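Structure assessment
Spelled out, the chains give:
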Amino acid sequence: MSVANQKYLKDQWKALGHSPHKELIYVLWAYRTTPRKGTGETPFRLAYGTEAVIPVEIGVPSIRVNYLEEETNEARTRLCLVLLEERRDEAVVRATTYKKQAARYHNKRINSREFQKGDLVLRNAEIGRGNAGVK
């Protein structure tokens, strides 16, 4: 990130009255509780075996929070932990399938070319980009 962008962002944070460190907590929470396309699971669920309770649900009770039974919750949590390895294995299978689909999609659009020794090829000119190494 350039110095100008850093200064701009710092000024924006000051104008809003926020600290980037305070916002980082919420950004990380959102990242950890959003399902990934490749695995179909949230990183939180793959780590702990259960869905996370969003902080908003604690402040404004939802059905899930209102009807929580302490006695059965512990047993269900243990069951989730027992099934966690199976859930992770399923996520690995889904991730592998997703990677194969992405590779297949990419490879469909590739024009393969074979070159023989002595063929003329057009190379990118690095001079226009300032990377030619000319001093």
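First, a word on what this report is: a plain description of the structure on this page.

Rules used in this analysis
Residues numbered from 1 in each chain as written. Predicted model: local features only at pLDDT ≥ 70, side-chain atom pairs only at ≥ 80, totals over all residues. Heavy atoms only, no water. Salt bridge = Lys/Arg side-chain N within 4 Å of Asp/Glu carboxyl O. Helix = DSSP H or I, 4+ residues; strand = E, 2+ residues; numbered from the N terminus. Buried < 20%, exposed > 50% of the residue type's maximum accessible area, 1.4 Å probe, protein only. Phe/Tyr/Trp six-rings, centres within 6.5 Å; stacked < 30°, edge-to-face > 60°. Lys NZ or Arg CZ within 6 Å of the ring centre and 35° of its normal. Contact = heavy atoms within 4.5 Å. Expected span 1.5 Å × (residues − 1). Lys, Arg positive; Asp, Glu negative; His and termini not counted. Polar contact = N/O pair within 3.5 Å; in protein donor to acceptor, adjacent residues only side chain to side chain. Patch = residues over 30% accessible without salt bridge, like charges linked within 9 Å, V, L, I, M, F, W, Y side chains within 5 Å. Areas by Shrake-Rupley, 256 points an atom, 1.4 Å probe, with all protein chains shown as cover. Charge placed at Lys NZ, Arg CZ, Asp CG, Glu CD.

**Considering the pattern of salt bridges**
Applying the stated criterion to the full structure yields five salt bridges. Taking the shortest distance from any N to any O, the salt bridge between Glu-41 and Arg-94 comes out at 3.3 Å. Of this pair, Glu-41 sits in the loop between α2 (20–32) and α3 (43–48) while Arg-94 sits in helix α7 (residues 84–108), and the two are 53 residues apart along the sequence. Overall, Glu-41 belongs to the buried group, its relative accessible area being 10%. Across the salt bridge formed by Glu-74 and Arg-78, the nearest N and O atoms sit 2.9 Å from each other. In this pair, Glu-74 and Arg-78 are both assigned in helix α6 (residues 70–82), four residues apart and thus about one turn of the helix distant. Its relative accessible area of 54% is what places Arg-78 among the exposed residues.

**Comments concerning the packing of aromatic side chains**
Under the definition given, this model contains two aromatic pairs. An angle of 50° between the planes, with centres 4.7 Å apart, marks the rings of Phe-44 and Tyr-48 as tilted. Here Phe-44 and its partner Tyr-48 are both found in helix α3, four residues apart, which amounts to about one turn of the helix. Among the aromatic side chains, those forming a connected cluster through ring pairs are Trp-29, Phe-44 and Tyr-48. Above the ring of Tyr-31, the side-chain terminus of Arg-36 is found at 4.0 Å from the ring centroid.

**Focus: the environment of Ala-47**
In this structure, Ala-47 sits in helix α3. Of the residues examined, Ala-47 reaches a relative accessible area of 41% and is grouped as partly exposed. Each C-alpha atom, one on Ala-47 and one on Arg-88, is 8.8 Å from the other, the two residues being 41 residues apart in sequence. Residues in contact with Ala-47, not counting those within four places in the same chain, are Leu-84 and Arg-88.

**Structural notes on α7**
For an α-helix, the turn length of 3.6 residues means that residues three or four places apart are oriented alike. With 25 residues, α7 extends 36 Å between its outermost C-alpha atoms, agreeing within 8% with the 36 Å of an ideal straight helix rising 1.5 Å per residue. Within the sequence span of α7, burial applies to Leu-84, Arg-87, Ala-91 and Ala-95. Looking at the buried residues of α7, the elements they touch are α3 and α6.

**Examining the side chain of Arg-87**
Within the element layout of this structure, Arg-87 appears in helix α7. With no salt bridge to any partner, buried Arg-87 finds its closest opposite charge in Glu-41, at an N-O distance of 4.0 Å. A polar atom in the side chain of Arg-87 sits 3.3 Å from the backbone oxygen of Gly-49. Each residue touching Arg-87, except ones within four places of it in the same chain, is listed here: Glu-41, Arg-45, Leu-46 and Gly-49.

**Notes on the side chain of Thr-42**
Tracing the backbone shows Thr-42 in the loop between α2 and α3. A polar contact of 3.0 Å, which involves the side chain of Thr-42, links it to the backbone nitrogen of Arg-45. If we ignore the near neighbours within four places in the chain, the residues touching Thr-42 are Arg-32, Thr-33, Thr-34, Pro-35 and Glu-51.

**Examining a positive patch on the surface**
The grouping of Lys-100, Arg-104, Lys-108 and Arg-109 at the surface amounts to a positive patch. In this fold, Lys-108 is placed in helix α7.

Function-wise, these values are silent; they only describe arrangement.
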